[in-house]
Amino acid sequence: MKLQRLLLIALLLSTTFSLSAQIKWTQVAPGVWKGIIGKPEAYDLVKAGGAKANTAAIAKITAAQFPLMQGDILGAVKDGKTTLRFPLDKEEQLYGFGLNFQSVHQRGKILQLHVDHYGGKDNGRTHAPTPFYVSSKGYGVFVNSARYINVYAGSGIRKNAKTPPVEKDRNTDKSWASRPYSDAVEMLVPAAGVEVYVFAGPTPMDAVKRFNLFNGGGPLPPRWGLGFTQRVKSLYTSDEVAKEVDLFEEKGFPLDFVGLEPGWQSKAYPGTFEWDKKRYPQPEKFVKQMLDKGIRLNLWINPYVSKSAPFYPAIKPYTGSHTVWVGEVPDFNVPQARKIFFDQLQKDQVNIGVSGYKIDEVDGYDHYLWPDVATFPSGISAEQMRQTYGMLAMRYSADMYRKQNKRTYGLVRANNGGGVSLPYVIYNDYYNHQDFITALINSGTAGVLWTPEVRASKTGEEWLRRFQTVIFSPMAMINAWSSGTKPWSYPEVADQVKELALLRMQMMPYWYSEFAKYHFEGTPPFRGMALEAGFKQEVKKEAGSTNLEENPYAEATSKEIKDQYMAGEYLLVAPLFMGDTTRKVILPKGKWYDFYTGAFAGDGSVITVTPGLNKIPVYVKDGGIIPMMKPMLHAPKAGEKVDLEIRHYGTAASTYNLYDDDGETYNYEKGDYSWRQIKVTRDASGNLAGTIADAQAGKPNTVGNVTFKFMTK
Ligand code: GAL
């Protein structure tokens, strides 16, 4: 009896202790704190990504204190697992937890963060289930674990909650809720310890920037990566590719790189990683012929190795216990595996001028990927491998280009926290246009890039609507691997498509500078409204209050906004989808102007627009400066001087930092770049006038003649 009582006391003590352990926080960069719970595992997301934090850039963000009450954050290890608890305020909203496709608001969600293809539900299984969230209160939290993390983002209610919900009687009280209020985010990490990071604001955007910079900053694509790309039909031959490339030229459609799908390889699913000699009899000559026309090639792969691959016997000892489509899975955590695998790509493809890869099927589907019982020679578990395999493949493939001092820009189907700086854009097969836009919004808080790729469409209208959004995204792409479509495949809208593709090219100086801001400052080029200064999410009022109806802006922003997004510093994009003729656009506080005409559009208001089929509504913030160039068919070559037409919108005097470098190499890492300030001021007679700072001596300078265009009359 006595013993039993003692045991009970011990049990109670241990529970109390394990639930209430406070975390010791160490500042690792200005406004970034690390907390350690238990014994973190040797392998984690940051290690797999391999990036170095850009602490100097983090230091330039407004200084901030630890953003929460440290005593409110708890962590404990029990049963070989780590529990975490972070506080939540009543009016707080959460964004993040990876690349979700259907929801932006994450408060109240229960998720298991698990790398997978997107299966139609925001349940944590996605291409980039980044364990990072940002709060509307202006701070961020990152759990650096390569495990499947269970997240209760404000759903569990502790007995000892600081602000517990009130008990209600369902029999009589209509306000009874099946999901009562919770004041905490809780997480379960299946490991006996973990490293957690807290990022200060003061704004949500500042927290996101710190997170991105902590992971090395975003990638800086080569200029050509921001041009147009066409992925051709899977079994195309080199002659067919060459013909298609000529058609682009003849028809005056821009094209910077062409994607070859599985048919470039002598075998696929699993692959041999060597050219198919029937379809591509002279790869070297072909790649050169394309490069001479200003066209680069990107090759589809998935990393699963066929017995017919030339390096199969060599890599066999360094592959996992299970196969994928009967191909062996190289363990990229083993240096020999990396060397054997990437040496093949390097000598057979990269060295002859192939510009990059599309790394497919590194995300999942459970039915073909290795199961969680698989083992790998490095000793890294199957689960950790699943969470990081995309990152590893991106990292070590990008290294091949780094060795040659050439940038790459490719595609991938899985990423995770730690992979922010890798030069790849996520895509998938899901093809829901609306949800593709929601993913574009969420990419901004997941530390990844995402393309709403265009494949085929039922109608010309759908084709054009999809095309309009891919032009305002990180990668302007048609993926015709199966459909064989071309930009002009829907003749009734071919002119409009061409105009859009050329607009993408004209905006290259803007896109390039915005990606430089992602790299150097951590600002995601594509993101949701919640990160926008001037946008304030209004809180839903209790039933009975008429307050919201009187204020349409408050009413609109009290809801989740899933269909409009920010593109770079100054642009707000509000797409229309098939069947739509009209839509509402929420313009944050501050004046906004029509991108095409310069006309005033609204200020802290909700407008209804009927743009017609040919236009995607785009708005520019007051003082918006958009540097544009002429509509070239290929990105400017390294060092090529380009004339700029700098557009200014609205009435405000303002500035814009234009980024410049050679556009192709990593020399910017050694300081070979410049930021040139564009300035629009009002002269004595009240007229707007623009200037651009002189090029710095010894720095890259690709700016030719500059003219200013004041769009708002
Ligand atoms: C899919 C991929 C497509 C295409 C196809 C080729 O997994 O998402 O974009 O590459 O494979 O087999």
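None of these values were measured; they are calculated from a predicted model. (Residues numbered from 1 in each chain as written. Predicted model: local features only at pLDDT ≥ 70, side-chain atom pairs only at ≥ 80, totals over all residues. Heavy atoms only, no water.)

Let's talk about the side chain of Arg455
So the rule is basically this: Per the convention used, a helix needs a DSSP run of H or I reaching at least four residues, while a strand needs a run of E reaching at least two, with both numbered from the N terminus. Whenever two N or O atoms come within 3.5 Å, that pair is a polar contact, provided that in protein one can donate a hydrogen and the other can accept it, and provided that, for residues adjacent in sequence, both atoms are side-chain atoms.
Its place among the elements puts Arg455 in the loop between helix H10 (433-443) and helix H11 (460-471). For Arg455, the side chain forms a polar contact with the side chain of Asp429, separated by 2.7 Å.

Comments concerning the sheet that holds strand S29 (residues 642-648)
Condition: Two strands pair under a simple rule: DSSP has to find at least two bridges between them. Fitted lines through C-alpha atoms give the axes, limited to the stretch in contact for helices. The angle between two N-to-C directions lies from 0 to 180 degrees. Note on definitions: a residue-residue contact is assigned when non-hydrogen atoms from the two residues lie within 4.5 Å.
Across the sheet, 3 strands lie side by side as S28-S29-S33; this open sheet has mixed pairing. Pairing within the sheet leaves two strands with one partner each, and these edge strands are strand S28 (625-628) and strand S33 (703-710). Adjacent strand axes in the sheet meet at a mean angle of 20°, parallel and antiparallel pairs treated alike. Sheet analysis places S28 next to S29, joined by 4 bridges and oriented antiparallel. For Ile626, the partnering residue across the bridge sits in S29 and is Arg647. Against the sheet, helix H13 (residues 508-521) contacts S28 and S29, and its axis sits at roughly 115° relative to S28.

Digging into the packing of helix H5 (residues 238-251) against helix H6 (residues 283-292)
Formally: Here roughly perpendicular refers to angles of 65 to 115 degrees, roughly parallel to angles under 35, roughly antiparallel to angles over 145, and oblique to all remaining angles. Basically, the charged four are Asp, Glu, Lys and Arg, the nonpolar ten are Ala, Val, Leu, Ile, Met, Phe, Trp, Tyr, Cys and Pro, and anything else, Gly included, counts as polar.
Between H5 and H6, the shortest axis-to-axis distance is 11 Å and the interhelical angle comes to 5°. If you check the angle between H5 and H6, you find them roughly parallel. Along the contact surface, H5 presents Ser238, Val241, Ala242 and Val245, while H6 presents Phe286, Gln289 and Met290. Of the residues contributing to the contact of H5 with H6, the split by class is 5 nonpolar, 2 polar and no charged.

Details of the site of the ligand
Short version of the rule: One heavy atom suffices: a residue is near a molecule or strand as soon as one of its heavy atoms comes within 4 Å of it. Residue burial considers only the protein chains on display, and all accessible areas are found by Shrake-Rupley using a 1.4 Å probe.
Taken together, 13 residues sit near the ligand, with Glu261, Tyr269, Lys358, Glu361 and Asp429 positioned nearest. The contact in question runs from an oxygen atom of the ligand to an N or O atom on the side chain of Tyr269, over 2.7 Å. Notes on the ligand: free accessible area 310 Å², of which the protein chains cover 94%. Residue classes in the shell around the ligand are distributed as 5 nonpolar, 1 polar and 7 charged.

As for the side chain of Gln564
As for its placement among the helices and strands, Gln564 is situated in the loop between helix H15 (552-557) and strand S23 (565-567). From its side chain, Gln564 meets the backbone oxygen of Ile586 in a polar contact 2.8 Å long. Apart from residues lying up to four places away in sequence, Gln564 is in contact with Ile441, Met529, Leu572, Val573, Ala574, Pro575, Arg583, Lys584, Val585 and Ile586.

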